Amino acid sequence: MVYGEWLIYKDGKPFFYFNIFDDDYKDIKDEIGGDVENYLRIKLIQAGKEWSLKQYIFGIPSSGTFDEQINIEKLPKNFLVNK
């Protein structure tokens, strides 16, 4: 488990992936500030989406005993900042 990584769930399934230390987000780190989790929660509420926020990428609940690879898109930068 690593600080700085979150999964954003939609209908109980991982929908977006967010890692504050990813190079794609380096130009908006200062705008997000120090309390990233709170910032994400506020953005989800403002968006009015039925999404939930979970930190840590490990421990995705399994519905079976098989391995399944999933591809999750990164959270779009325009969701994080109004530019």
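Enquirer: Tell me about the overall build of the protein, and please be specific about residues and values.
Expert: When helices and strands are counted, the protein shows three helices and four strands. Reading the protein from its N terminus to its C terminus gives the helix and strand order β-β-α-α-β-β-α. A total of 83 residues make up the protein; the buried ones form 33% of that total. Taking the intrachain contacts of the protein between residues at least 6 apart in sequence as the baseline, contacts between residues at least 24 apart amount to 69%. Of the roughly 6000 Å² of accessible surface on the protein, 48% is carried by carbon and sulfur atoms.

Enquirer: Before we move on, could you go through the environment of Val36 and cite the residues and values that matter?
Expert: Turning to its location among the elements, Val36 is positioned in helix 2 (residues 36-47). On the basis of relative accessibility, which here comes to 4%, the residue Val36 falls in the buried class. The spacing of Val36 and Ile20 is 16 residues in sequence and 7.8 Å in space, taken between C-alpha atoms. The contacts of Val36, once residues within four sequence positions are left out, are Tyr3, Trp6, Phe18 and Ile20.

Enquirer: Which residues make up the nonpolar core, and what values do they have?
Expert: The biggest cluster of nonpolar side chains holds 18 residues, and the ones touching the most others in it are Ile8, Phe18, Ile32, Val36, Leu40, Leu75 and Leu80. Sorting the residues of this core by element identifies strand 1 (5-10), strand 2 (13-19), helix 2, strand 3 (51-55) and helix 3 (77-80) as the ones contributing at least two each. A total of four residues in this core trace back to one element, the largest contributor, which is helix 2. With residues near it in sequence (within four places) discarded, Ile8 still touches Lys13, Pro14, Phe15, Phe16, Leu44, Trp51, Ser52, Leu53 and Leu75.

Enquirer: Pulling in residues and values, what's your account of the pairing of strand 1?
Expert: In terms of residue burial, strand 1 counts as a mostly covered element, since five of its six residues are buried. In this structure, strand 1 lies alongside strand 2, joined through six bridges in antiparallel fashion. Residue pairing in the sheet places Leu7 in a bridge with Tyr17 of strand 2. Where strand 1 folds back on strand 2, the antiparallel hairpin that results is connected by two residues, among which Asp11 adopts a positive phi of roughly 55°.

Enquirer: I'd like to hear about helix 2, residue by residue, with values.
Expert: The first and last C-alpha atoms of helix 2 sit 16 Å apart over 12 residues, in line with the 16 Å expected at 1.5 Å per residue. The set of residues buried in helix 2 consists of Val36, Tyr39, Leu40, Lys43 and Leu44. The arc that holds every buried residue of helix 2, seen down its axis, measures 135°, which confines them to one face. Exposed and oriented more than 90 degrees from the buried face of helix 2 are Ile45 and Gln46. Positive backbone phi, approximately 65°, marks Gly48, located one or two places after helix 2.

How each quantity is defined
Residues numbered from 1 in each chain as written. Predicted model: local features only at pLDDT ≥ 70, side-chain atom pairs only at ≥ 80, totals over all residues. Heavy atoms only, no water. Helix = DSSP H or I, 4+ residues; strand = E, 2+ residues; numbered from the N terminus. Buried < 20%, exposed > 50% of the residue type's maximum accessible area, 1.4 Å probe, protein only. Contact = heavy atoms within 4.5 Å. Areas by Shrake-Rupley, 256 points an atom, 1.4 Å probe, with all protein chains shown as cover. Core = buried A, V, L, I, M, F, W, Y, C linked by side-chain atoms within 4.5 Å. Pairing = 2+ DSSP bridges. Expected span 1.5 Å × (residues − 1). Arc of directions from axis to C-beta.

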